[in-house]
Amino acid sequence: MRGTLIFSGSSCPALTNKVCENLGMTPADAELTQFSNGETSVRILNSVREKDVFVVQSGSPKINDTIMELLIMISACKGGSASKITAVLPYFPYSRQSKKKSHRGAITARMLANLLGVAGVKHIITVDLHASQMQGFFKCPVDNLHAEPLIARWIRQNVPDWKEAVVVSKNAGGTKRVTSLADALKLNFGMVTTDKKRGNGNMTGSMLLNPIDAVLDPIGEQVNEAVEHEDTSVSNITQPIAGTASPARRPNGSSLHSAKSLPSRLRSSTSALDGVDEEGEDGIEYNDQRAHEVTQARLVQGHIVPDDFESPAVSAATSVAGDDPMTMSHASSFFAPQHHAALGGSGDAAESSDEEEEILKDPKVEHMVTLVGDVKNRTVFIVDDMIDKPGSWIAAAETVVKRGLAKKVYCIATHAVFGADCLEQLQDCDCIDHILVTNSYPIPEEKARNASKLHVLDLSYLLAEAIRRNHYGESISPLFQHIME
């Protein structure tokens, strides 16, 4: 392309070479060095005057160095009188820090967007932002490309019986991404959610483990009084039992007790408090039966355990000393506002992968995993935007295989961050059959060779076409369309 220069950062030279090869070009020359004290030095070796410049830089294990290198390269091109500078970021750094998660938290992704603007960038090309709302952080246009068409095409060509598969989200926050792929392939979708399991024990332990259960509701007090007054056996009242499922919930979220098990003088009061009649509008009576296609399992230290496995939550609850002053102090303060209440009550600040990993690996905390959807004897695609830590992926895979009885599991993500020994743990997991990612984030060659389950999709054609269309002022809408073959 005449009047165009493409520079490569130190994070992804192989990807940049493929992009330039697809465009019939060679990467422009730039000298990237570091001083002995770690400072980054950049020297542009080609004339950029009145040129359309593209700087390709992705994430890397030394993420802060690559960001500084990108900013200096943009500033150097701006100082060299480039007509337009476009930053091509296959993986946008700090994309997981796009909102405040505490009082004194920083929105680091917005700060990075401001830094790019100050450096002189006029356009951004990236792939699968962690949150699409991040495009509002920039004062310049942003092209947020999607790897979904490439993933869907690979599935159609390489997965046998893919039309009978199920797309599953490993957490509630990824359902939008999962439903998008499911709609593109016309497949069913499901979801895996993980919650802390409620323990039993003494009063103090119960308040510490689950403060909300320690709050008495008016209905419960009236039930107890009526039982004593009418000499009704306690066993006739529907109560949650430790180690079993909680009573069914009405649509408004209140606890559902069977009307036949309640004393007659309380039936009207419970209906009034619940705001729901014993029978619905269609005359269907509520009951305590579990909904269809819902499977639950116990998760301890990131792995599915049998139902008779000793619960660490119960052990911790029973070991709490009732007369311990420190314990009582914690128990008396359980009415304090929850952590997410500091964010204005939104409660949508999801835990990062590191925090989620620590919670799943905590040996003192047991989790209840719920699988919504029918995956029996089907292939399952577990989808998210990136793979960083292995805990939640392994937990979801074990859930759909050991409890859902799925026959094969594909872990699919755009960005293969693979922190620490993540790839090795996924490779060793018997419940995971294939790992599908793209080359938006550089993967060490040795790791890739040793992972027989790993499949890497090439983004160079997508990025090359985006660069070409951007240079000639053409629409990029065709890049979002699925190619049916």
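Our focus in this paragraph is the nonpolar core. The biggest cluster of nonpolar side chains holds 41 residues, and the ones touching the most others in it are L145, I155, F381 and L463. Counting residues per element, the ones that place at least two in this core are α1 (13–23), β4 (52–56), β6 (123–127), α4 (148–158), α5 (175–185), β13 (379–383), β15 (408–412) and α15 (460–472). Looking at this core element by element, the count peaks at five residues for α15. Not counting residues within four places of it along the chain, the set of residues in contact with L145 comprises I125, T126, V127, D128, L462, L463, A466, I476, L479 and F480. Counting residues in each nonpolar core, the second largest holds 35 residues, with L299, V380, A395 and A416 among its members.

The grouping of D421, E424, D428 and D430 at the surface amounts to a negative patch. Mapped onto the fold, E424 is located in helix α13 (residues 422–428). According to the relative accessible area criterion, E424 is partly exposed, its value standing at 34%.

Turning our attention to empty space enclosed by the protein. All told, the structure shown has one cavity of 30 Å³ or more when counted by the stated rule. Considering only enclosed or pocket space, the largest cavity measures out at about 60 Å³ in volume. Of all the secondary structure elements, the ones that give two or more residues to the lining of the largest cavity are α2 (63–79) and α3 (108–119). At three residues, α2 tops the list of elements feeding residues into the lining of the largest cavity. When grouped by side-chain class, the residues that make up the lining of the largest cavity number seven nonpolar, three polar and no charged.

The element β4 is largely enclosed, with a buried count of five among its five residues. Neither face of β4 is exposed, since D52, F54 and V56 on one face and V53 and V55 on the opposite face are all buried. As defined by bridge partners, strand β1 (residues 4–8) adjoins β4 across five bridges and the pair is classed as parallel. Looking at β4, one finds that I6 is bridged to F54. Alignment of β4 against strand β5 (residues 84–89), held across five bridges, turns out to be parallel. The residue of β5 that forms the bridge with V53 is I85. Regarding the hand of the β-α-β motif, the stretch spanning β4, α2 and β5 is right-handed.

As a volume, the second largest pocket reaches approximately 510 Å³. Lining the second largest pocket are 21 residues, with N439, Y441, P442, I443 and P444 positioned closest to its centre. Listed by contribution, the elements that provide at least two residues to the lining of the second largest pocket are α1, α14 (445–450) and β18 (454–457). Broken down by element, the lining of the second largest pocket gets its largest block of residues, four residues, from α1. Considered class by class, the residues forming the lining of the second largest pocket number 15 nonpolar, two polar and four charged.

Sheet architecture is open: five strands sit in the order β1-β4-β5-β6-β7, paired in parallel fashion. What marks the edges here is a single partner per strand, and that holds for β1 and β7 (142–145). With direction set aside, neighbouring strand axes in the sheet form an average angle of 15°. Packing of α2 onto the sheet brings it into contact with β1, β4 and β5, and relative to β5 it is tilted by some 165°.

This part covers the packing of aromatic side chains. According to the stated counting rule, one finds four aromatic pairs in the structure shown. Centroid distance Y91 to Y441: 5.4 Å. Interplanar angle 85°. Geometry classified as edge-to-face. Placement of the pair is Y91 in the loop between β5 and α3 and Y441 in the loop between β17 (434–438) and α14, with a sequence separation of 350 residues. On the basis of relative accessible area, Y91 is assigned to the buried category, the value being 6%.

Their axes nearest at 10 Å, the elements α4 and α5 cross at an angle of 50°. For the element pair α4 / α5, the angle class is oblique. α4 and α5 meet at a crossing whose hand is right-handed. Facing E148, A152, I155 and R156 of α4, the residues of α5 in contact are R177, S180, L181, A184 and L185. Counted by class, the contact of α4 with α5 contains five nonpolar, one polar and three charged residues.

Procedures and definitions
- Residues numbered from 1 in each chain as written.
- Predicted model: local features only at pLDDT ≥ 70, side-chain atom pairs only at ≥ 80, totals over all residues.
- Heavy atoms only, no water.
- Core = buried A, V, L, I, M, F, W, Y, C linked by side-chain atoms within 4.5 Å.
- Buried < 20%, exposed > 50% of the residue type's maximum accessible area, 1.4 Å probe, protein only.
- Helix = DSSP H or I, 4+ residues; strand = E, 2+ residues; numbered from the N terminus.
- Contact = heavy atoms within 4.5 Å.
- Patch = residues over 30% accessible without salt bridge, like charges linked within 9 Å, V, L, I, M, F, W, Y side chains within 5 Å.
- Areas by Shrake-Rupley, 256 points an atom, 1.4 Å probe, with all protein chains shown as cover.
- Salt bridge = Lys/Arg side-chain N within 4 Å of Asp/Glu carboxyl O.
- Lys, Arg positive; Asp, Glu negative; His and termini not counted.
- Charge placed at Lys NZ, Arg CZ, Asp CG, Glu CD.
- 1 Å grid on protein atoms, 1.4 Å probe; cavity = no way out; pocket = protein on both sides within 12 Å on 5 of 7 lines; lining within 4 Å.
- Points joined across faces, edges and corners; volume = space filled by probe spheres on them.
- Nonpolar A, V, L, I, M, F, W, Y, C, P; charged D, E, K, R; others polar.
- Pairing = 2+ DSSP bridges.
- Right-handed = clockwise from strand over helix to strand, strands pointing away.
- Axes fitted to C-alpha atoms, helices over the stretch in contact; angles between N-to-C directions.
- Phe/Tyr/Trp six-rings, centres within 6.5 Å; stacked < 30°, edge-to-face > 60°.
- Parallel < 35°, antiparallel > 145°, perpendicular 65-115°, else oblique.
- Left-handed = near helix turned anticlockwise from the far one by under 90°.

In short, shape yes, function no, at least from these values alone.
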